[in-house]
Amino acid sequence: MNTDLVQGELSADQQQNLLGLIQQFHQQLPFLIDLTAEDRRTLPKLGDKSRAFVDQGLVLVGQNPEILPRSFDIDEYRRDVALVKQLEPLVLALRQLLGKLEDTFIAVGSDAYSQSLLVYQAAKLAGKNGALEQHLDGLSRRFARKTSNPAATAPASASG
């Protein structure tokens, strides 16, 4: 097993400071929204090809505003395009950070789980005695098979 993938510590103060920074980030962007799964699926997406389309549309509006209906809010359109450009580096930086955070979480979780397996194996080898029995019972629940047969889950007799 590949253990000790991550070597680090996070103090309670550091964790609280980071959570505070995340809260500050939210406060700096009060316009952030949560889309539904349906919205995410159905809204038109701004991809690489669409960026050029949007840029060209903005140029077209700047040179020919009279072609648009009066109800079209050119200023709002400009603000939307500007906000996309302003958010993009933040999204890219946070994706990179989140990727590293998730990878570290997976790796350190793997470390902890692998080490717990070693602890469990060592405890099983040491045998059940008064000091280890409660711990072994707790650890062994991780590997208990789920059955729908009530007789299979009944406690074993004391003679076994």
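Everything quoted here is computed from the prediction, not taken from an experiment.

Asker: Describe the overall build of the protein chain, naming the residues involved and giving the relevant values.
Answerer: On a plain count of helices and strands, the protein chain comes out with 5 helices and 0 strands. Looking at the protein chain as a whole, 8% of its 160 residues qualify as buried. When contacts within the protein chain are restricted to residue pairs at least 6 apart in sequence, long-range pairs at least 24 apart make up 44% of them. With the model as given, the accessible surface of the protein chain reaches about 13,900 Å², and the carbon-plus-sulfur share is 57%.

Asker: Can you tell me about the packing of aromatic side chains, naming the residues and giving the values?
Answerer: Within this structure, the stated rule accounts for 1 aromatic pair. Each ring, one from Phe 72 and one from Tyr 77, has its centre 5.5 Å from the other, and the planes form 70°; the classification is edge-to-face.

Asker: So what's going on with the side chain of Asp 111? Residues and values would help.
Answerer: On the secondary structure map, Asp 111 appears in helix 4 (residues 74–126). You can call Asp 111 buried: its relative accessible area is 3%. For Asp 111, the side chain forms a polar contact with the main-chain nitrogen of Val 6, separated by 3.0 Å.

Asker: Would you mind going over a nonpolar patch on the surface in detail, with residue names and values included?
Answerer: Together, Phe 25, Leu 90, Leu 94 and Leu 97 make up a nonpolar patch on the protein surface, roughly 330 Å² of accessible area in all. Inspection of the secondary structure assignment puts Leu 97 in helix 4. Judged by relative accessible area, Leu 97 falls into the exposed class, the value being 53%.

Asker: Can you tell me about the environment of Leu 132, naming the residues and giving the values?
Answerer: Mapped onto the elements of the fold, Leu 132 is located in the loop between helix 4 and helix 5 (133–140). Leave out the neighbours within four places in its chain, and Leu 132 touches Ala 123, Ala 126 and Gly 127.

Asker: Which residues make up the confidence of the model for the protein chain, and what values do they have?
Answerer: Confidence along the protein chain averages 88 in pLDDT terms, with 88% of residues attaining 70 or more. The element-level mean pLDDT for the protein chain is lowest in helix 5, coming to 78, with helix 1 (residues 12–28) highest at 97.

Asker: Kindly report on the pattern of salt bridges, identifying the contributing residues and their values.
Answerer: Under the counting rule described, the total for this entry stands at 6 salt bridges. When the shortest N-O distance is used, the salt bridge between Arg 51 and Glu 88 registers 3.1 Å. Highlighted residues: Arg 51 in helix 3 (residues 48–63) and Glu 88 in helix 4, separated in sequence by 37 residues. By relative accessible area, which is 28% here, Arg 51 ends up partly exposed. The class for Glu 88 is partly exposed, based on a relative accessible area of 30%. Among the charged side chains, a salt-bridge network with shared partners connects Asp 48, Arg 51 and Glu 88.

Asker: Describe the packing of helix 3 against helix 4, with residues and values.
Answerer: For the pair helix 3 and helix 4, the least separation of the axes is 11 Å and the interaxial angle reads 145°. Crossing geometry of helix 3 relative to helix 4 is assigned as left-handed. Across from Arg 51, Val 54, Asp 55, Gly 57, Leu 58, Val 61 and Gly 62 in helix 3, the residues of helix 4 making contact are Ile 74, Tyr 77, Arg 78, Val 81, Lys 85 and Glu 88.

Reading guide: rules and limits
Residues numbered from 1 in each chain as written. Predicted model: local features only at pLDDT ≥ 70, side-chain atom pairs only at ≥ 80, totals over all residues. Heavy atoms only, no water. Helix = DSSP H or I, 4+ residues; strand = E, 2+ residues; numbered from the N terminus. Buried < 20%, exposed > 50% of the residue type's maximum accessible area, 1.4 Å probe, protein only. Contact = heavy atoms within 4.5 Å. Areas by Shrake-Rupley, 256 points an atom, 1.4 Å probe, with all protein chains shown as cover. Phe/Tyr/Trp six-rings, centres within 6.5 Å; stacked < 30°, edge-to-face > 60°. Polar contact = N/O pair within 3.5 Å; in protein donor to acceptor, adjacent residues only side chain to side chain. Patch = residues over 30% accessible without salt bridge, like charges linked within 9 Å, V, L, I, M, F, W, Y side chains within 5 Å. Salt bridge = Lys/Arg side-chain N within 4 Å of Asp/Glu carboxyl O. pLDDT = per-residue confidence, 0-100. Axes fitted to C-alpha atoms, helices over the stretch in contact; angles between N-to-C directions. Left-handed = near helix turned anticlockwise from the far one by under 90°.

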